[in-house]
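Residues per chain, in single letters:
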Amino acid sequence: MRTVWLASYPKSGNTWLRVLIANLDPPGGKPVDINNLPVDQSLASAREPFDHFLLIDSGLLTHEEIDSLRPRLYEELARRQFAGSANDDIHFAKVHDAYTAIPQGEPLLAGALGAAGAIVIVRDPRDIALSLANHRGTTVDDAITFLNDTKAEFPGELDGLPRQLRQKLLSWSQHVASWLEQRDIPIHLIRYEDLAADTAGVFHGALSFAGISATDEAIERAVRFSQFALLQQQEREAGFYEAPRPFRGNVFFRRGRPGGWRDELMSGQVARIEAEHAAMMRRLGYQLETMQKEAATLRGEAA
């Protein structure tokens, strides 16, 4: 079995992709329960596997001490998965950490010893700001500050020991760059907006990268079973265990519509995001609203 990271900055569509994968072969031919995703998916920052496989109580360690041991965890998990399953099986693992190195110089996620590759999901940071504010229970302005923070970290739970280990996110631009520019493992880039526009086609490309063959029928069913409205319905009826604990009143699956920032963000908020992330936004094909307006103003004045 080979591990493939599902890597993204928070609120970029990672969970949606995981649900799509789970719905390729849903039990009983019905949409998978979002609160019971398959065991062949996991969370890289989950605290329990760290304590279980390394035989150490992570609650007694500092963040830095935990980080120094995390490469050993992913090497051990990869070794066990390889020994216990067929080589062509795939284990998907969700990861929000930026791709960084520990002080000893080795990759936090163990490089090629921890995974065979990564599917990297990116999303327009203007939409992320809105979703992040809802997710963290903050104002949009605070979410933008977090998005721009070069020292940003997850999780932010307030009621006791978090279920997840500390994750260094960095700023949104730095996070994306860290995955695109590392050379330890191959990556396959997905834009959330493209996944929304052509879910079947983009999903098929991600599966092909991971070495998974799926029929058109299976992909079509996965897309149908993973519609955002169905995920919202499940969350309304039973909640969602991945929602942050202090803010359970806020829904996890909020809107999901690309470009929603146009009718929710104020112009000053758009400008703050674009000023900080213009280079990466251009690199990923996101048009800059502020610069377009400035150019139009200049053309009008010149006329």
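Here the structure is a predicted model, which is why all the values come from computation and not from measurement.

1. Remarks on the overall build of the chain
- Summing up its helical and strand segments, the chain has twelve helices and seven strands in all.
- Taking all 303 residues of the chain together, 49% fall into the buried category.
- Partitioning the intrachain contacts of the chain with sequence separation of at least 6 by distance along the chain shows that 72% fall at a separation of at least 24.
- A total accessible area of about 14100 Å² is found for the chain, and carbon and sulfur atoms account for 53% of it.

2. Focus on helix α9 (residues 216-225)
- Within α9 the residues assigned to the buried category are A218, I219, A222 and F225. Looking straight down α9, one finds that the buried residues subtend no more than 135 degrees of arc, so they occupy a single side. Opposite its buried face, α9 presents the exposed residues D216 and E217, each directed more than 90 degrees away.

3. What to know about unusual backbone geometry
- You will see that K11, though not glycine, has its phi angle at about 65 degrees, which is positive.
- With respect to the helices, strands and loops of the structure, K11 is situated in the loop between β1 (2-8) and α1 (14-22).
- Classification of K11 by relative accessible area gives buried; the value is 11%.
- Non-glycine residue L55 carries a positive phi angle of around 55 degrees.
- Its location among the elements puts L55 in the loop between α2 (47-54) and α3 (63-84).

4. Considering the pattern of salt bridges
- Throughout the structure, instances matching the rule amount to 16 salt bridges.
- With a shortest N-O distance of 2.7 Å, R79 and E76 are connected by a salt bridge. Here R79 and its partner E76 are both found in helix α3, three residues apart, which amounts to about one turn of the helix.
- A salt bridge links R191 to D194; the shortest N-O distance between them is 3.1 Å.
- One continuous salt-bridge network, built from bridges that share partners, spans E64, D67, R70, D97, E153 and R166.

5. Points about the pairing of β1
- Of all seven residues in β1, six are buried; the element is thus mostly enclosed.
- Strand direction decides the pairing type here: β1 and strand β3 (residues 90-95), joined by six bridges, are parallel. Across the sheet, the residue bridging to V4 is F92, located in β3.
- Where β1 meets strand β4 (residues 117-122), five bridges bridge the pair, whose relative direction is parallel. Residue W5 lies in a different strand from β4, and its bridge partner there is A118.

6. A look at the nonpolar core
- Ranked by internal contacts, the top residues of the largest apolar core, which has 47 residues, are W5, W172 and W179.
- Residue assignment for this core shows that the elements contributing at least two residues are β1, α3, β3, β4, α4 (125-136), α5 (140-148), α6 (172-181) and α11 (267-284).
- Broken down by element, the residue count for this core peaks at six residues, all from α11.
- Counting residues in hydrophobic clusters, the runner-up holds 28 residues, among them V4, L20, I21 and A222.

7. Here's the deal with the packing of aromatic side chains
- For the structure on display, the rule yields four aromatic pairs.
- On the basis of an interplanar angle of 90 degrees and a centroid distance of 5.5 Å, the ring pair of W5 and Y74 is categorised as edge-to-face. Taken together, the residues span a long stretch of sequence, with W5 in strand β1 and Y74 in helix α3 at a distance of 69 residues.
- Take W5: its relative accessible area is 2%, and that puts it in the buried class.
- The residue whose ring lies beneath R123 is Y192, and the NZ or CZ to ring-centre distance is 4.5 Å.

8. Remarks on the pairing of β4
- A large share of β4 lies buried, amounting to six of its six residues.
- Residues G117, I119 and I121 of β4 are buried on one face, and the alternating residues A118, V120 and V122, pointing to the opposite face, are buried as well.
- Relative to strand β7 (residues 187-191), β4 runs parallel, the two being bridged by five bridges. Within β7, the position partnered with I121 by the bridge is I190.

9. Examining the environment of S226
- Residue position: S226 is located in the loop between α9 and α10 (228-238).
- A relative accessible area of 1% places S226 in the buried class.
- It is 9.2 Å that separates the C-alpha atoms of S226 and A22, two residues lying 204 residues apart in sequence.
- Excluding anything up to four places from it in sequence, S226 contacts W16, V19, L20, N23 and L231.
- At 2.9 Å, the side chain of S226 and the side chain of N23 are in polar contact.

Criteria and cut-off values
- Residues numbered from 1 in each chain as written.
- Predicted model: local features only at pLDDT ≥ 70, side-chain atom pairs only at ≥ 80, totals over all residues.
- Heavy atoms only, no water.
- Helix = DSSP H or I, 4+ residues; strand = E, 2+ residues; numbered from the N terminus.
- Buried < 20%, exposed > 50% of the residue type's maximum accessible area, 1.4 Å probe, protein only.
- Contact = heavy atoms within 4.5 Å.
- Areas by Shrake-Rupley, 256 points an atom, 1.4 Å probe, with all protein chains shown as cover.
- Arc of directions from axis to C-beta.
- Salt bridge = Lys/Arg side-chain N within 4 Å of Asp/Glu carboxyl O.
- Pairing = 2+ DSSP bridges.
- Core = buried A, V, L, I, M, F, W, Y, C linked by side-chain atoms within 4.5 Å.
- Phe/Tyr/Trp six-rings, centres within 6.5 Å; stacked < 30°, edge-to-face > 60°.
- Lys NZ or Arg CZ within 6 Å of the ring centre and 35° of its normal.
- Polar contact = N/O pair within 3.5 Å; in protein donor to acceptor, adjacent residues only side chain to side chain.

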